Amino acid sequence: MAEFKQCCDPGTEWDGTPKGMVSSIAGLSAYLSKPENPLPGTPAIFLIHDVFGWELKNVRLFADKMAQQGFLTVVPDLFHNQAMKPMDWSKLPVFLAKFPVDKCLPEAKAVVKALREEHGASAVGAQGFCWGGKYAALLLAGPDGTDAGVISHGSLLSEQDIKAIERPVWFQFSDNDKQIPKDFRLQIEEMLKTKPGCGSKFYEGQEHGWTMRGDEKDSGVAAAAADAFKGALEFFRARLGAK
C-alpha cells in the first residue's frame with residue numbers, strides 16, 4: 001500500500017492562467033489548447049492526466065506549453081468528473097478500481113481516433129503522467145493507438161505492458177519512485193534497448209510526480225522539469241513531424 005503514497009501528494013500549483021478552452025472529444029469533457037496558427041494536419045498530443053484529473057491547473061498549463069510549440073493538445077476527462085481529491089492515500093486502490101483498463105483504454109483509443117478523423121491530426125502522440133503513464137504505454141501496443149508516447153514517472157505499469165510496446169516511447173524516470181523502483185527501472189531500460197526508436201532518461205534526485213506537480217520555485221526541480229519538457233518536445237518533434 002505504501003507505494004501509492006507518492007501518487008496522492010498534490011504537490012504545488014504552478015503560476016499562470018490556462019489559455020485554452022473547455023470542449024469535448026469522443027464524448028468526454030476535455031481541455032483543448034491549439035497552436036496560434038494551426039495548419040491542416042497539425043500533429044496532436046493527447047495528455048493523459050494523473051489521479052487528480054483533467055481540471056488540474058498544472059496539466060492545463062502544460063497543454064498550453066505544448067500548443068505553443070505547434071501541437072494541437074488535448075486533456076480529456078477519463079475520470080468522468082470523478083477525479084481524486086487530496087485524501088488519505090490508502091483510499092487510492094478503491095478509487096482506481098472504478099476505472100479499470102477495459103473501461104479506460106477504449107475511451108483513450110476513441111480520443112486518438114477523434115484526433116485523427118475529426119481534428120485532422122497527421123500524427124498523434126500521448127504523454128502520460130503517473131496514472132496516465134500506463135495508458136501512454138498501452139496505446140503503443142496493437143492497432144488504433146498512438147504513433148509515439150512519453151511516459152513521465154508512470155504508475156501501475158507491468159513488465160507485460162513494456163514488452164507489448166510496438167512504437168517509439170520515451171521514459172522519464174524519477175528517483176526513489178515506489179511505482180518504478182530501481183530494479184524495475186533497470187529492467188525497463190534493458191527492454192527498451194531492443195525496441196527501435198525508444199529510450200529513457202533517469203532524473204536523479206527528483207521525486208515521483210515532479211514533471212506535473214513539482215515546485216517550480218525550487219531551482220533543482222524547475223531545471224529538471226524544464227529538461228524533461230524539452231526532452232519530450234524533441235522526441236515528439238522527431239516522431240510526429242511538428243516544427
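Summary of the structure given here. Only a predicted model underlies this, so the values are computations on that prediction, with no experimental measurement involved.

A separate point is the packing of aromatic side chains. A full pass over the atoms with the stated rule returns 12 aromatic pairs. For the pair phenylalanine 79 and phenylalanine 95, a centre-to-centre distance of 5.1 Å together with 85 degrees between the ring planes defines the contact as edge-to-face. Of this pair, phenylalanine 79 sits in the loop between strand 4 (72–76) and helix 2 (92–96) while phenylalanine 95 sits in helix 2, and the two are 16 residues apart along the sequence. Neither residue differs from the other here; phenylalanine 79 and phenylalanine 95 are each classed as buried. Between tryptophan 131 and tyrosine 135, the aromatic rings sit 4.8 Å apart at their centres with planes inclined by 40 degrees, giving tilted as the arrangement. Here tyrosine 135 and tryptophan 131 lie together in helix 4 (residues 131–138), a separation of four residues that amounts to about one turn. Among the residues examined, tryptophan 131 registers a relative accessible area of 4% and is labelled buried. On the basis of relative accessibility, which here comes to 2%, the residue tyrosine 135 falls in the buried class. Three or more aromatic residues joined by ring pairs make a cluster, and in this case those are Phe79, Phe95, Phe99, Trp131 and Tyr135. The positively charged end of arginine 60 is found above the aromatic ring belonging to tryptophan 54, 4.6 Å away from the centroid.

Another aspect to go through is the pattern of salt bridges. Side chains that differ in sign of charge can pair as their charged atoms come close. The final tally for this structure, using the stated rule, is nine salt bridges. A salt bridge links arginine 167 to glutamate 166; the shortest N-O distance between them is 3.6 Å. When the shortest N-O distance is used, the salt bridge between glutamate 190 and lysine 193 registers 2.8 Å. Judged by its relative accessible area of 46%, glutamate 190 falls in the partly exposed class. When its relative accessible area of 64% is taken as the criterion, lysine 193 is described as exposed.

Moving on, we come to the nonpolar core. Phe46, Ile48, Leu115, Trp131 and Phe171 are the most contacted members of the largest nonpolar core, which totals 73 residues. Examining the composition of this core, we find that seven residues originate from one element, helix 3 (residues 101–117), more than from any other. Contacts of isoleucine 48, omitting those with residues within four sequence positions, involve Leu78, Ala126, Gln127, Gly128, Phe129, Trp131, Gly132, Tyr135, Ala136 and Leu139. Core analysis: the second largest hydrophobic core is formed by five residues, Tyr203, Val221, Ala224 and Ala228 among them.

Reading the values: the criteria
- Residues numbered from 1 in each chain as written.
- Predicted model: local features only at pLDDT ≥ 70, side-chain atom pairs only at ≥ 80, totals over all residues.
- Heavy atoms only, no water.
- Phe/Tyr/Trp six-rings, centres within 6.5 Å; stacked < 30°, edge-to-face > 60°.
- Helix = DSSP H or I, 4+ residues; strand = E, 2+ residues; numbered from the N terminus.
- Buried < 20%, exposed > 50% of the residue type's maximum accessible area, 1.4 Å probe, protein only.
- Lys NZ or Arg CZ within 6 Å of the ring centre and 35° of its normal.
- Salt bridge = Lys/Arg side-chain N within 4 Å of Asp/Glu carboxyl O.
- Core = buried A, V, L, I, M, F, W, Y, C linked by side-chain atoms within 4.5 Å.
- Contact = heavy atoms within 4.5 Å.

None of the figures reported here should be taken as evidence of function without further support.
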